[in-house]
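Now for the letters of each chain:
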4 protein chains.
Amino acid sequence: MTNRCDVQNRKLDTGFRLTKVGVTGVKKPVRIKRDENLVNDILNCTIDVFVDLPAEQRGSHLSRNLEVLREIVDESVERPVAGIETLAADICRKLLNRHDYADTAEVVLTAEYFRKSRTPNGRETLELYTLIGESTAVRGGPLMRTIGVKVIGMTACPCAQETVGDVLDCKGKVAVMSHNQRNICTVSMTMGETDNVEANDLISIVESSFSSPTYEILKRDDEAAVVINAHNNPKFVEDVVRDVLKRIVDRYPGLHDDVRLTVRSESEESIHKHNAFAERRTTLGDLRMHR
Amino acid sequence: MTNRCDVQNRKLDTGFRLTKVGVTGVKKPVRIKRDENLVNDILNCTIDVFVDLPAEQRGSHLSRNLEVLREIVDESVERPVAGIETLAADICRKLLNRHDYADTAEVVLTAEYFRKSRTPNGRETLELYTLIGESTAVRGGPLMRTIGVKVIGMTACPCAQETVGDVLDCKGKVAVMSHNQRNICTVSMTMGETDNVEANDLISIVESSFSSPTYEILKRDDEAAVVINAHNNPKFVEDVVRDVLKRIVDRYPGLHDDVRLTVRSESEESIHKHNAFAERRTTLGDLRMHR
Amino acid sequence: MTNRCDVQNRKLDTGFRLTKVGVTGVKKPVRIKRDENLVNDILNCTIDVFVDLPAEQRGSHLSRNLEVLREIVDESVERPVAGIETLAADICRKLLNRHDYADTAEVVLTAEYFRKSRTPNGRETLELYTLIGESTAVRGGPLMRTIGVKVIGMTACPCAQETVGDVLDCKGKVAVMSHNQRNICTVSMTMGETDNVEANDLISIVESSFSSPTYEILKRDDEAAVVINAHNNPKFVEDVVRDVLKRIVDRYPGLHDDVRLTVRSESEESIHKHNAFAERRTTLGDLRMHR
Amino acid sequence: MTNRCDVQNRKLDTGFRLTKVGVTGVKKPVRIKRDENLVNDILNCTIDVFVDLPAEQRGSHLSRNLEVLREIVDESVERPVAGIETLAADICRKLLNRHDYADTAEVVLTAEYFRKSRTPNGRETLELYTLIGESTAVRGGPLMRTIGVKVIGMTACPCAQETVGDVLDCKGKVAVMSHNQRNICTVSMTMGETDNVEANDLISIVESSFSSPTYEILKRDDEAAVVINAHNNPKFVEDVVRDVLKRIVDRYPGLHDDVRLTVRSESEESIHKHNAFAERRTTLGDLRMHR
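Below you will find a few notes about this structure. (Residues numbered from 1 in each chain as written. Chains lettered and ligands numbered in written order. Predicted model: local features only at pLDDT ≥ 70, side-chain atom pairs only at ≥ 80, totals over all residues. Heavy atoms only, no water.)

1. Points about the interface of chain A and chain D
Our working rule: Here, residues are in contact when the closest pair of their heavy atoms is within 4.5 Å. Summed over both partners, buried area is the accessible surface (1.4 Å probe) that two parts give up on being assembled. Salt bridge, as used here, is a side-chain nitrogen of Lys or Arg placed within 4 Å of a carboxyl oxygen of Asp or Glu. By the criterion applied in these results, polar contacts are pairs of N or O atoms within 3.5 Å in which, for protein atoms, one can donate a hydrogen and the other can accept it, and in which residues neighboring in sequence qualify only through two side-chain atoms. Here a strand is any run of E in DSSP of at least two residues, a helix any run of H or I of at least four, and the numbering for each starts at the N terminus.
Contact residues are listed per partner, giving 29 residues for chain A and 29 residues for chain D. For the pair chain A and chain D, the summed buried area comes to about 3000 Å², and 51% of that belongs to carbon and sulfur atoms. The three residues of chain A that bury the most area against chain D are Asn 44, Arg 70 and Arg 220 of chain A, which together make up 23% of that side's buried surface. There are 10 salt bridges connecting chain A and chain D. Salt-bridge contacts for Glu 112 of chain A lead to Lys 27 of chain D; the nearest nitrogen and oxygen are separated by 2.8 Å. Summed over the shared surface of chain A and chain D, the result is 11 residue pairs in polar contact (both at pLDDT 80 or more). Elements with a minimum of two residues in the side of chain A that touches chain D: strand E1 (18-31), strand E2 (42-53), helix H1 (62-78), strand E3 (104-118), strand E4 (124-138) and helix H5 (220-231) of chain A.

Here it is in structure tokens:
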């Protein structure tokens, strides 16, 4: 059957341009390059893809988005992709090729990711992270890539620790209790194609910025070590964000000033039913100037 | 238009009986009786309703379920319902009336619920809970009602506290730290129409079984008090469940032995990315015999 | 106890400014003004509030956010708020008062909302919507308010309908089938304090832009009417967004050109496991110029 | 460090037995045996594991659960597991070995799973399913395994189609429209170790019981074919459940009568904001007798 039905191509007199049109929640397994800490070289990706739509065209050709995704998956079997943000960029370029009426393309991609880690006392564990890869492209203009990670760790509250120390008159002595809880920290960095950042480095930066990382298996000595470390290193959500920012500035002296970044920390407060939250949106250049 | 279309009533030769057929995720505002701690006398309920279906009938008349729900809401404006489990029971009875081909009916109902509370130092707060009301009915047989609550609180780990005390040689002294986290405890009790239980009592029972309740507003002295109380009262998920069980046995000497109950405690572990979980499913009679 | 513990106020030499710090997921019941279609004058709101934090201050005083929310709720008992965006604006102003170190404040608020509606054949129903109210304020600068709605409706696909018509050679005749599905359409408009928009109007605009609104109770004649209406009015996600945009331009000639708006339509495609999506972000002025 | 801290082993005088204690939400990548349709031989599993706890013991040794899960993963690298229910059974056995105080063990496991499929016109696609594997074991007693699948498909409503046919007087002619929508159908079968069922067969059974399966990529001719097939094959949620039951009875004549099964179909109704639902819980023997 040929395309007798061309409802999407129909011309509109009174249309409005649309900022983005596409599909969301597509799931695809993609093969990535192996490295030593990698447990699984296939990432199960959740993908949203969009292009813009001119005012005079009624519909976007949504099935082309799925064809692009399919080709990318098939190609990854032969040539594994370097990373999730490279994958997003490849999809972005193909979207502009396939949708000739579009001027912009956008891809958002997340995947669960397992990485080997070690407890304070050196036992091997396997920890789960979320990778974030995004890309935006303008026809004839620059392609931007975003690489990000979502990491679960632990924060112990500095304020409660100090107040408890006062109340119990045990300040400065070892082992002052506080409330502590799961913290979810998200970092994403947006850059052109000449800059680069490794997701594994971002994970390490975030894990060293918590009161303590968390682990799947903790025998008693490791459990005590995690608790003691966290209380020797109490952190507000604000502290987590600022420590990530500081480490990023130190770690990436070679990246351009116009690299944009967002760092966000959310604590699922053990003493409240709501969460505490802190965020900084900025550029590397701005961070370098104002520290 | 009359019901010329009777696809649902069509007779089947080779059908199977269905255990339950109905609608899920219906939202309805229902007026309940006021009491002094009640902030809002209208509960926004999320409702699932089901009846069984005989082998020889093709379809259940789903729109009748919605009509029943609508009538119940309208009636509640005139005569506020006594509680969420009474509401579930009323819906159950109406379902059997309306679906004459059905032998059983089931209703599951949840609603967010605000209640006034007080911090350790006596400041007034408003806390959020989830109410659970269920009912099942057999035509010509008994109607059972389930009243339940889901409560968020805090647990501090007894094991980590003891290990830390050993490691730092500060055992028995005040203020030994531990990991602590949000705990979600769910209690539900299923009984006939001659027994009764108040959701507010169940909330109080659960809150006294945590290491500490949690609060929306905590100024510094209250924050310290919550942290100290929780660490003076360390609890495994197992302890939370058993303390709720014990309090229920003590609180309800008059309830029948065949009252069924489920108590569940889940801790969103601050030191792990996974949760800890404990549950007991039993009857009041069994609890009374084996303690 | 006085505030001996002032960890938050501690001065930092090497801090970074934070864009926003606050609490998320706070639940509060707020009383709003009654109108004739209103079923429940208390909205259960889910609230996020934030202020910025200067580089030299370690922590934001998070408990003040909860105090502000508590006062707003208490005041609403005496003087019901006009709408959810007014509530957001009131909270924003109080946040800047209470956090004297902050230059910006942001509030995001959502609530479930029931409204009376009528089926095609005139039967009364009660439908559920989500209200969205947001506000941002800059100290000494303008306060912006966002009023938005999230509405569930139905779309029938124009392309599949036309292709089926071709394949079955029944084009132009009545009753050509297509795939249809739930569509979730979100509209939000951001404006200063001199402009205003009613959430109820936005709901009506969205419902007339679907292939058909959806209803809680549909007896057979109404069910057929909904299906027929939807197929006489097939819509892509793109069409839903553009029809909402057109109606907004027509409905609000008096609003300023710089009113910003976002319209988004997402179809949970019945023929796919993924969704179709369209969005426009723009200003009223831009829409007026380019249609 | 030796286990000086034995809080968990502490003896209780007044304890209650607990039905199940364990961990929930553990994520693990597990290698499974390849077959021709398999796209990814590593499944990202979400795992809950539990054992019971005697009345006189204070705590379950939760870290042993994680050690068991770690060993299973490591072993799967050398010897890929045959299926997700075999994996659950292996975990169950190890749990009883490791928790010598426990009499029962339970494992619940889900994983996303990609499988090659073909559109009506023969184009290759890749579709996503959820696999469910469960196991329960009693010490010295039988081990039961559950194998299940969750499949997304499409239903078109027979009642609306007939009513529309009446209203428009086009009954019996081709192409009568109806409402259609996503349907989620879940099947699980519980059996001893001498019976067996393949997840791939269950997926095929479910997909042939919808009005139509759904596909990631549909060019126009395939889109029309899916819509036409669905409308030639209209199904209530009740029909989906019964057709799955019938196919299971036909497909598995050799399985024991005491195999338990649950079949559930939920339609995300395009004409309503709520869902339609049907379920049967039964045994193979009961189905064989009463059809």
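Still more to cover.
2. Regarding the layout of surface pockets
Filter applied, for reference: Only protein atoms enter the 1 Å grid used here, on which a cavity is any set of points holding a 1.4 Å probe that cannot leave and a pocket is any open set flanked by protein within 12 Å on both sides along at least five of seven lines; residues with an atom within 4 Å of a point are listed as lining. Grid points are joined across faces, edges and corners, and a volume is the space filled by probe spheres set on the points. Here the term charged refers only to Asp, Glu, Lys and Arg, the term nonpolar to Ala, Val, Leu, Ile, Met, Phe, Trp, Tyr, Cys and Pro, and the term polar to all other amino acids, Gly among them.
In this structure, the largest pocket occupies an estimated 1400 Å³ of space. Around the largest pocket, the lining comprises 40 residues; the ones closest to its centre are Lys 20, Arg 264 and Arg 281 of chain A together with Arg 264 and Arg 281 of chain C. The computed volume of the second largest pocket comes to approximately 960 Å³. Lining of the second largest pocket is provided by 26 residues; of these, Lys 20 and Arg 281 of chain B together with Arg 264, Glu 279 and Arg 281 of chain D occupy positions nearest its centre. Among the elements that make up the lining of the second largest pocket, the one with the highest residue count is strand E8 (residues 260-267) of chain D (four residues). Residues of the lining of the second largest pocket, tallied by class, amount to four nonpolar, 11 polar and 11 charged.

3. So, the relation of the copies chain A and chain D
Under the convention used in this document: In superposing the copies, a least-squares fit is computed on C-alpha atoms, taking residues whose pLDDT is at least 70 in both.
Here chain A sits on chain D after a turn of 180° about the axis and a move of 0.0 Å along it, with an RMSD of 0.0 Å. The transformation relating the two chain copies, once decomposed into turn and shift, fits a two-fold axis. Relative to the rotation axis, the C-alpha of Ile 42 of chain A is the closest in chain A, positioned 3.9 Å from it. Mapped onto chain D, 100% of the interface residues of chain A are again interface residues, and the two copies thus contact each other with one and the same surface.

4. A closer look at the pattern of salt bridges
Tallying each qualifying case throughout the model produces 105 salt bridges over all chains. Salt bridges here are not isolated pairs; linked through shared partners, they connect Lys 28, Arg 70 and Asp 74 of chain A together with Arg 118, Glu 124 and Glu 216 of chain D.

5. Points about the pairing of strand E8 (residues 260-267) of chain A
Residue and element names in this part refer to chain A. We apply this condition: Being paired, for any two strands, means DSSP has found at least two bridges between them.
Judged from the eight bridges that link them, strand E6 (residues 180-191) and E8 form a sheet pairing that is antiparallel. Considered in E8, the bridge of Ile 184 is made with Glu 266. Sheet topology note: the E8/strand E9 (residues 275-283) ladder contains eight bridges and is antiparallel. Directly across from Thr 262, in E9, lies its bridge partner Arg 281.

6. Section: the interface of chain A and chain C
Tallying the contact residues gives 56 residues for chain A and 56 residues for chain C. Summed over both partners, the interface of chain A with chain C comes to about 4600 Å²; 57% of that surface belongs to carbon and sulfur atoms. Contact with chain C buries area across many residues of chain A, yet Phe 16, Arg 58 and Arg 242 of chain A alone supply 18% of it, more than any other trio. Seen at the junction of chain A and chain C, the total is two salt bridges. Note that Arg 58 of chain A is salt-bridged to Asp 239 of chain C, the shortest N-O span being 2.7 Å. Remark: the boundary between chain A and chain C carries 26 residue pairs in polar contact (both at pLDDT 80 or more). Secondary structure elements with two or more residues in the side of chain A that touches chain C: E1, E2, H1, helix H3 (158-167), helix H6 (237-251), E9 and helix H7 (284-290) of chain A. Here the side of chain A that touches chain C takes nine residues from E1 of chain A, the largest share from any one element. Residue classes in the side of chain A that touches chain C are distributed as 27 nonpolar, 13 polar and 16 charged. Alignment of E1 of chain A against strand E9 (residues 275-283) of chain C, held across five bridges, turns out to be antiparallel. The partner of Gly 22 of chain A across the bridge, within E9 of chain C, is Phe 277 of chain C.

7. Observations regarding H6 of chain A
Rules: Between the first and last residue of a helix there are one fewer steps than residues, each counted as 1.5 Å, and that sum is the expected span. Under the scheme applied here, a residue whose accessible area is under 20% of the maximum for its type counts as buried, over 50% as exposed, and between as partly exposed, the area being computed with a 1.4 Å probe on protein chains only.
The end-to-end C-alpha distance of H6 of chain A, which contains 15 residues, comes to 21 Å, matching closely the 21 Å that a straight helix rising 1.5 Å per residue would cover. If you check which residues of H6 of chain A are buried, you get Val 237, Glu 238, Asp 239, Val 240, Val 241, Arg 242, Val 244, Leu 245, Ile 248 and Val 249 of chain A.

8. Points about the side chain of Glu 238 of chain A
Inclusion rule: We count Lys and Arg on the positive side and Asp and Glu on the negative side, and we leave His and both chain ends out.
Summarising the element assignment, Glu 238 of chain A is placed in helix H6. The side chain of Glu 238 of chain A is buried and forms no salt bridge, while Arg 242 of chain A, the nearest opposite charge, is found at 6.6 Å. Beyond its immediate sequence surroundings of up to four residues, Glu 238 of chain A is in contact with Ala 278 of chain A together with Leu 18, Val 21, Leu 53, Arg 58, Gly 59 and Ser 60 of chain C.

9. With respect to unusual backbone geometry
Its identity is not glycine, yet Asp 169 of chain A carries a phi of approximately 55°, on the positive side. When you line up the elements, Asp 169 of chain A lands in the loop between H3 and E6.

10. Some points on the relation of the copies chain A and chain C
Note on the identical chains: chain A maps onto chain C by a rotation of 180° and an axial translation of 0.0 Å, with an RMSD of 0.0 Å. A share of 100% of interface residues in chain A that are also interface residues in chain C marks the association as one of identical surfaces.

11. As for the packing of aromatic side chains
What counts here: Stacked, edge-to-face and tilted are the three classes for Phe, Tyr and Trp ring pairs, Trp counted by its six-membered ring, which pair at centre distances within 6.5 Å; planes under 30 degrees apart are stacked, over 60 edge-to-face, the rest tilted. Working rule: Lys NZ or Arg CZ, within 6 Å of ring centre, within 35 degrees of ring normal, means a charge sits over the ring.
Applying the stated criterion across every chain, the model contains four aromatic pairs over all chains. Sitting over the ring of Tyr 129 of chain D, Arg 115 of chain D keeps its end group 5.6 Å from the ring centre.

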